[in-house]
Structure formats: C-alpha cells, structure tokens
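Here is how the chains run, residue by residue.
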Number of protein chains: 2
Amino acid sequence: MKFNDKLANLINYEAGKPIELVVREFGIAPKDVIKLASNENPFGTSPRVIEAIKNCAQNMYLYPDDSYYELKEALSAKFNVNTKNIIIGSGSDQVIEFAVHAKANSKNAVLMAGVTFAMYEIYAKHTGAKIYRTQAKGHNLEDFLKVYNDKKDEISMIFLCLPNNPLGECLNRDDVYEFLEQIDKDVMIVIDGAYNEFARFKDKNKEICPKDLITKFKNTIFLGTFSKAYGLGGMRVGYGIADESIINELGKLRAPFNITTLSLKAAIEALKDQEFVDKTVEANFQEMKKYEKFAKEHNIEFIDSYTNFITYNFERENASEIAKNLLKKGIILRDLKSYGMNSIRITIGLPEQNDRVLDELRKAIK
Amino acid sequence: MKFNDKLANLINYEAGKPIELVVREFGIAPKDVIKLASNENPFGTSPRVIEAIKNCAQNMYLYPDDSYYELKEALSAKFNVNTKNIIIGSGSDQVIEFAVHAKANSKNAVLMAGVTFAMYEIYAKHTGAKIYRTQAKGHNLEDFLKVYNDKKDEISMIFLCLPNNPLGECLNRDDVYEFLEQIDKDVMIVIDGAYNEFARFKDKNKEICPKDLITKFKNTIFLGTFSKAYGLGGMRVGYGIADESIINELGKLRAPFNITTLSLKAAIEALKDQEFVDKTVEANFQEMKKYEKFAKEHNIEFIDSYTNFITYNFERENASEIAKNLLKKGIILRDLKSYGMNSIRITIGLPEQNDRVLDELRKAIK
C-alpha cells in the first residue's frame, strides 16, 4: 500500500527506557531499578492527588467533561488569564502538535535551537515543514536572529524551550522579550515552559509570566505541564496559554476527550497542593549540588541546569557505553546519542538514588 | 496571525453533554442526573479494574512503558495475532487519526456512510481530503460500490462502522467480505469495531474476527476500544489491528506516551474480566427491549440496534425540543441534529434509568 510521502521522512521519538523493560531484559526486581531518564518527579505525586484518584476511580467509565471547565477555571485563577486563553493537551506535547499543525506546512519552515526537545522537529515533519536549527546547541538569541533574518520569508514558527530540555540552560526573560520585539507578528512563537517552575526558583530572571508574555506579544503561546514539578508525568496533562485568536484556531485541532477522566481530576487536585511543588523544586536544587560536585571532581563538563536534570558532556569516555553499563545494574539514565551528543542526561532523584548513581558512575568512568 | 488554510473548514465534534454541565446549568444534584448520551457502560467499570487502579495510583508520576508490551501481549493472545499487528491509541479515535494522516491528503478522497461516526470526517478534513458519503444514511454496500466505482481515481480510504454509530445498524460479515473483494488493494479500509462486542452477541453473522479479516484483506485495519463494553470510556484506550506494513506506517504518527499510565493498567486488567463484559452485553439487549416496546407503542420509528444504544427517528415531534426538555429534568440524551437528523440516540442504561427515561419521554411526546 502506498502511504503519504511525508511518512518516509518521519523519525520516532526515543523515549527514556521504562522500568518494565529493565525488569524484563535484565531480570532485576522493580524495587532495585532506579529510573532517572525521563525527568519524572522523584517524590512521586502529591498524596492529596493520589487520594483523590482513588476516590474517583469508579468514574473511569465516564468520559471527562470535555470543556475542562474546572481545570481551566483553576488555571485561569493561577495565571490571572481568561479561560478563553487556555487550551488543554495530552501533555504539553499535544499543544505543540496543535500549534505546529495550525501554522507549519510544506511551504514554510520552523526554527529551533541546535539541540532542543525532539518533539518540535517530529511534529514539524508531520506537516512537511522545513526545519532550521541554530548553529549553537543551546539557545543563543544572536544565532536565532541570524537564521531568522536570513530565512524571514520561510519561517512561520520559532520554538524557545525555557529552560531547555535536554541541555538545561535557560535564557533570561528580558533577553527573550528583546528578541520577540524583532520578530514579525505573523510568526508564531512557542515558549515551552515545561520546566519553568524549576528555572524561576533558581533565578527570578528566568521566570516567564504567561499573562505578561501574551499581553505584550500576541503571537506567542506559553506551554506548561503537569508532568514535571506536579508529579503527573504518566497522566498526560499540559496546557497552552495564548491570545484567544490563537487558542480558537488550535482548538479546532483538538479531538474531544483528549485527556482522561482521571487525568483531569489529578490535574485539578494537583493545583491545590502548591506545597508539594515547592518542596519538589527546592529539594531538586539541593540534590543537584551532588552532581555538580561530582562533575568538578572528575573533570566532567556539565551544563548549569535550571531544570530537574543535569547533562554531563563526556570527552574521553563514551557516554553510550556508560549508560549501557549502568543499565545492566538497573540504573536508567538518558543517553543523548540520538541528539548527536556524547552526553548523559540525569534526572535529579531522591538522595539515596543520587548517591547510588554517583557511586556507579564513579566506577564506570574509572 | 495567518493560519493554515485547512483550519477554515474544520468543524468540531459535538460531544455528549457531561453530567458536570447539567449540574452547573440546571442546579441538579449529580446523583439525580441520568447520562445516556455517550454510550458509556451503565455498569461502570469492572470492580477488578477499579481495585487495580487504586493500587497503582501512586505510579501517576511515571510515564507508561511506551512499548505497551503487556497490553499488546494480552491483545495478541486474545485475537491470536502478532504484537506487531497491533497499535495502541488514545481511544480508537486516535487510531482513526493515524490512519487518516497516513493515507488521506488534499489530493485524494475518503468514503463513508451517509450518517456515521463524526470523527472520520473531522480527521479527514485535517488533511484536506475530499469527503464522499453514500446517499443512504446507514451502510448500504451497493451505494458504497456505486460511489467507489464512480470516484475510483480519488478514493484512498473507506470507512465501515460495524455496527454503525450513531444509527446502530450492522452489516453481515459475509457481505462485507464480498464488498472488500471488489476494492483495490491500495485503498485502506477502516473497519470500526468499537461496538462489535455487542453486535456479535446479538448475531454471529455480524462478528468480525480481526485475524481472519487482516489475513484475507491486507488493506484493512480493524479498530477496537475499551470505551464501550469494557467500561473505560474515560480512560481513552483503543487499538488497531492490521498487517504489519500498515501498523509500521501508523506507528510513525504515534507520539510517545499517547495513553496514560493508569489507562494502560486499566486496559490490561479489563482484559482479565471477560465476565464483566459478557454481563454488560447481555443486560444491554435485555433492557433494549423496553425501548423497542415503547417505540412500537408510540409509533416511533427506531433502528434495529446491534449496539448499546437505540436511535429513535421522530416524525411529528421535534427531537431537539424533546432532548432539551429532558435535559432540564437531568436526563442527558443525544440529539442527532448535528448529524442532520430529527432523531435522538439513547444509550441503554440501568433498568431504573431506562424506566425513568421512558417515563419522561412518554410525557414529552404527549
């Protein structure tokens, strides 16, 4: 059977390996597996949310309220925006998908950092759009401007991942605003704030306030997620905040019931437990110090991180080999080979997990 | 901001109204609302599944095993197909989306019944494909062949909904097979079996065996769902079964983690409780008799249904008015106005729900 041409060029996202796979392949007991490969919250989920889900498990047969009324009301209150400025996605990934399908096509192009979240490119390829990347791996706004000015006729979308996954660096808000001033108002700018809760804790200059952003720049969309600081990675809930004119168009691409009944409940409850998020973020940067110290002691280059992970760039050692060796011991880290890097991304875990990981890393790089 | 042209033509799916909306709009207590608008399982979810979800709620922070290994193994055993013949979607809806994006485009067309599941058209419009419908509302294979032969150069996909939502009728398997023999092997045929568990119980001639189907016709994809007989509408899990060559292409369009961690668990557990499904299906047709009897008594035309709903076609009365009147009393039925019909689709509920609905309907049509 013949399929649409664009499929020939599609690549699949390489997800972090699941615990189940390590159990199956290496016969390691689930309790002995440490998974620090997918930037999940090591504290799990707020007990309040777990309780709420147990109490509403009997509603699994019911489709969710597809207007997402209660969740939008809660997000609207949190961010001081109108509910009409909000769209809900199955993870912020899906909002990226909506945005790309609304704006990109086989006759235009999208621009992103040299190394950034893989789904931008994957979704863009679904539309046949051309992909431009900055020469710099991380976000360098001069580089962005250079490519943008060179390819102004083609570029319809720009992605800024603040902070950037899988590298961890983050631009300052003021620099971003200055950059946005120089971009044509018909270009859609996606500001991916999936890890912004972490960045803003470490440095207030990194904080992006969605209301301020979309008021100043009507061509931007801010993305947030419940997958990271809120501890709901497995429940697939994210959101986009933008001018109503953008939300309306993206809404046309949203299929009904795009999040589950329990996901909706979980997100609503998670917003009520800010303490859990605060604790998560604070502990994250406390524990990150261990990884920074280790890297310095062993002359491993690392990227100053504004997220819940740290990326080690190796010179002598082969990162893939290290990741493979640790995998056999039940430690799942993220080899960044598919991003063209000799690097490993490590999610900051619980204290005892980090200690064991660093212990095994020490042995592996000897 | 300018958006892609195709967005101008997009329509949104009109979902059944949620209980929450009736509570908000009419101030009716949730326990007094009867929702028979979305073909959810009135028996809820298997107690075994509810228990499993309560026990795994603490895993919400973890992304699912994106290979869906355990679920595919279970489906593979159930249908006696290879796991490579299976793709998992966020509801079978999403598998429809994958199929359409793999095959349809602005230069070809899709063919479907006059009145059938709305998402076929909605997804097809995302690709810019042309839509052809048979003149007959329900599935009439002569009509299908007529349009197909007329538009052979354009048609790249055909949808057969067996049984058909929102009408309820169902073709015989042998007739479907005979039809499939006459279709070019490069045309993708989607056999939507979302309600096939119901149809096969009522009449063995309606049963589609996916293995048999895809072995005989390598251009077909069979769709199944956990939303109906399995009582997991809110959890968004469906599947497609097809030749590996089709599954591979559709897989390129699947984003990672397209179902949630709890949805995955729920589907795996639901497959272990066949008794729940059997009980659901049997009770469904028992209760449906009440609706058939009522219709006959009141001279309402109804469609002989092979599903978990029944569709009443009104002549004298205005179906939308009736639906609105019942809504104010806390009874949510599905007005089929958006399908161009003066009809109401009623999900078969629990005995006491059906009695109340019929009681109110009796008053409404007087």
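Residues numbered from 1 in each chain as written. Chains lettered and ligands numbered in written order. Predicted model: local features only at pLDDT ≥ 70, side-chain atom pairs only at ≥ 80, totals over all residues. Heavy atoms only, no water.

Participant: Can you help me understand the state of the cysteines in this one?
Facilitator: What makes a disulfide is a covalent bond joining the sulfur atoms belonging to two cysteines. Counted according to the given criterion, the structure contains zero disulfides over all chains. Unpaired in this structure, C170 of chain A has its nearest cysteine sulfur neighbour in C161 of chain A, at a distance of 8.7 Å. (Disulfide = S-S within 2.5 Å.)

Participant: Got a minute to help me understand the sheet that holds strand β4 (residues 130-133) of chain A in this structure?
Facilitator: The strands that make up a sheet pair up through hydrogen bonds in the backbone, lying either parallel or antiparallel. Residue and element names in this part refer to chain A. The strand order β2-β8-β7-β6-β5-β3-β4 describes an open sheet built from seven strands, whose pairing is mixed. In this open sheet, the two strands that pair with only one neighbour each are β2 (86-89) and β4. The average undirected angle you get between the axes of adjacent strands in this sheet is 20 degrees. With three bridges joining them, strand β3 (residues 109-112) and strand β5 (residues 155-161) adopt parallel strand pairing. (Pairing = 2+ DSSP bridges. Helix = DSSP H or I, 4+ residues; strand = E, 2+ residues; numbered from the N terminus. Axes fitted to C-alpha atoms, helices over the stretch in contact; angles between N-to-C directions.)

Participant: I would appreciate a short explanation of the domain arrangement of chain A in the present structure.
Facilitator: Quite often, the size of an interface is put as the accessible area lost when its parts meet. Residues and elements named next belong to chain A. What the domain assignment lists for chain A is domain 1 (5-44 + 275-365) and domain 2 (47-272). Here domain 1 and domain 2 have C-alpha centroids that lie 24 Å from each other. Contact residues are listed per partner, giving 30 residues for domain 1 and 32 residues for domain 2. Overall, the association of domain 1 and domain 2 removes approximately 2,600 Å² of surface from exposure, summing both partners, and the carbon and sulfur fraction of that is 70%. On inspection of domain 1 and its partner domain 2, the count reaches one salt bridge. One salt bridge connects K202 with D304, and the closest N-O pair in it is separated by 2.9 Å. Where the side of domain 1 that touches domain 2 is concerned, the elements lending two or more residues are α12 (274-297) and β10 (309-313). Grouping the constituent residues of the side of domain 1 that touches domain 2 by class yields 13 nonpolar, 12 polar and five charged. (Domains from an automatic or database assignment. Contact = heavy atoms within 4.5 Å. Buried area = accessible area lost by both parts, 1.4 Å probe. Salt bridge = Lys/Arg side-chain N within 4 Å of Asp/Glu carboxyl O. Nonpolar A, V, L, I, M, F, W, Y, C, P; charged D, E, K, R; others polar.)

Participant: Just to check I follow, could you spell out the interface of chain B and chain A for this structure?
Facilitator: Between chain B and chain A, the residue contacts involve 74 residues of the former and 74 residues of the latter. Interface area lost by chain B to chain A is led by M1, M60 and Y63 of chain B, which between them contribute 13%. The tally of links from chain B across to chain A stands at two salt bridges. For the salt bridge of R24 of chain B with D65 of chain A, the shortest nitrogen-to-oxygen distance reads 3.1 Å. Connecting chain B to chain A are 30 residue pairs in polar contact (both at pLDDT 80 or more). Every element with two or more residues in the side of chain B that touches chain A is listed here: α1 (19-26), α2 (47-56), α4 (91-103), α5 (118-127), α10 (244-251) and α11 (261-270) of chain B. Sort the elements by how many residues they give to the side of chain B that touches chain A and α4 of chain B lands first, with five residues. (Polar contact = N/O pair within 3.5 Å; in protein donor to acceptor, adjacent residues only side chain to side chain.)

Participant: Explain the pairing of strand β3 (residues 109-112) of chain B here, please?
Facilitator: Each regular strand carries side chains that alternate between the two faces of the sheet. All names here are of chain B. The alternating pattern of β3 places A109 and L111 on one face and V110 and M112 on the opposite face, and all of these are buried. Of the strand pairs in this sheet, β3 and strand β4 (residues 130-133) are connected by four bridges, and their pairing is parallel. Bridging from a neighbouring strand, V110 pairs with I131 of β4. Following the backbone out of β3, through α5 and into the adjacent parallel β4, one traces a crossover that is right-handed. (Buried < 20%, exposed > 50% of the residue type's maximum accessible area, 1.4 Å probe, protein only. Right-handed = clockwise from strand over helix to strand, strands pointing away.)

Participant: So what exactly am I meant to see when it comes to the relation of the copies chain B and chain A here?
Facilitator: Superposing chain B onto chain A requires a rotation of 180 degrees together with a translation of 0.0 Å along the rotation axis, leaving an RMSD of 0.0 Å. Expressed as an axis order, the relation between the two copies is that of a two-fold axis. Every residue of chain B has its C-alpha some distance from the rotation axis, and the shortest such distance is that of K54 of chain B, at 2.4 Å. Looking at chain B, 100% of its interface residues are interface residues in chain A too, so the copies touch through the same face. (Least-squares fit on C-alpha atoms with pLDDT ≥ 70 in both.)

Participant: Help me understand helix α6 (residues 141-150) of chain B, please; the structure alone is not making it clear to me.
Facilitator: An α-helical turn contains 3.6 residues, so any two residues separated by three or four positions project in the same direction. Residue and element names in this part refer to chain B. Listed as buried for α6 are L141, D143, F144, L145, V147 and Y148. In the core, the buried residues of α6 are packed alongside β3, β4, β5 (155-161) and α7 (173-181). Sitting at the amino-terminal end of α6 is N140, which places a side-chain oxygen 3.0 Å from the backbone nitrogen of E142.

Participant: It is not clear to me how the environment of I214 of chain A should be interpreted in this structure. Could you clarify?
Facilitator: All names here are of chain A. With respect to the helices, strands and loops of the structure, I214 is situated in helix α9 (residues 210-216). Residues I214 and D243, 29 residues apart in the sequence, show an inter-C-alpha distance of 6.2 Å. For I214, the contacting residues outside a window of four places in its chain are V81, N85, T220, I241, A242 and D243.

Participant: What should I look at first to understand empty space enclosed by the protein in this one?
Facilitator: The gaps of empty space that remain are located by a probe, the size of a water molecule, rolled over the atoms. Under the criterion given, the structure shown has nine cavities of 30 Å³ or more. In this structure, the largest cavity occupies an estimated 450 Å³ of space. Lining the largest cavity are 32 residues, and of these Q94 and E97 of chain A together with Q94, E97 and F98 of chain B lie nearest its centre. Of all the secondary-structure elements, those providing two or more residues to the lining of the largest cavity are α4 (91-103) and α5 (118-127) of chain A together with α4 and α5 of chain B. Residues that form the lining of the largest cavity fall into these classes: 12 nonpolar, 10 polar and 10 charged. (1 Å grid on protein atoms, 1.4 Å probe; cavity = no way out; pocket = protein on both sides within 12 Å on 5 of 7 lines; lining within 4 Å. Points joined across faces, edges and corners; volume = space filled by probe spheres on them.)

Participant: Could you clarify how one ought to interpret the pairing of strand β8 (residues 238-242) of chain A in this entry?
Facilitator: All names here are of chain A. Within β8, five of the five residues are buried, leaving the element largely enclosed by the surrounding structure. Residues G238, G240 and A242 line one face of β8 and the alternating positions Y239 and I241 line the opposite face, and both faces are buried. Across four bridges, β2 lies against β8 in antiparallel orientation. Each residue of the ladder has a partner; that of I88, found in β8, is Y239. Of the pairings in the sheet, the one linking strand β7 (residues 220-225) to β8 comprises five bridges and is antiparallel in character. When the sheet's bridge partners are listed, L223 is paired in β8 with G240.

Participant: So what exactly am I meant to see when it comes to the sheet that holds strand β8 (residues 238-242) of chain B here?
Facilitator: All names here are of chain B. Pairing is mixed in the open sheet, where seven strands are placed in the order β2-β8-β7-β6-β5-β3-β4. The open sheet has two edge strands with one neighbour each: β2 (86-89) and β4. In this sheet, neighbouring strand axes are inclined to one another by 20 degrees on average, regardless of whether the strands run parallel or antiparallel. On the sheet, α5 packs against β3, β4, β5 and β6 (188-192) and is oriented at approximately 155 degrees with respect to β4. Against the sheet, α10 touches β2, β6, β7 (220-225) and β8, its axis set at about 140 degrees to β8.

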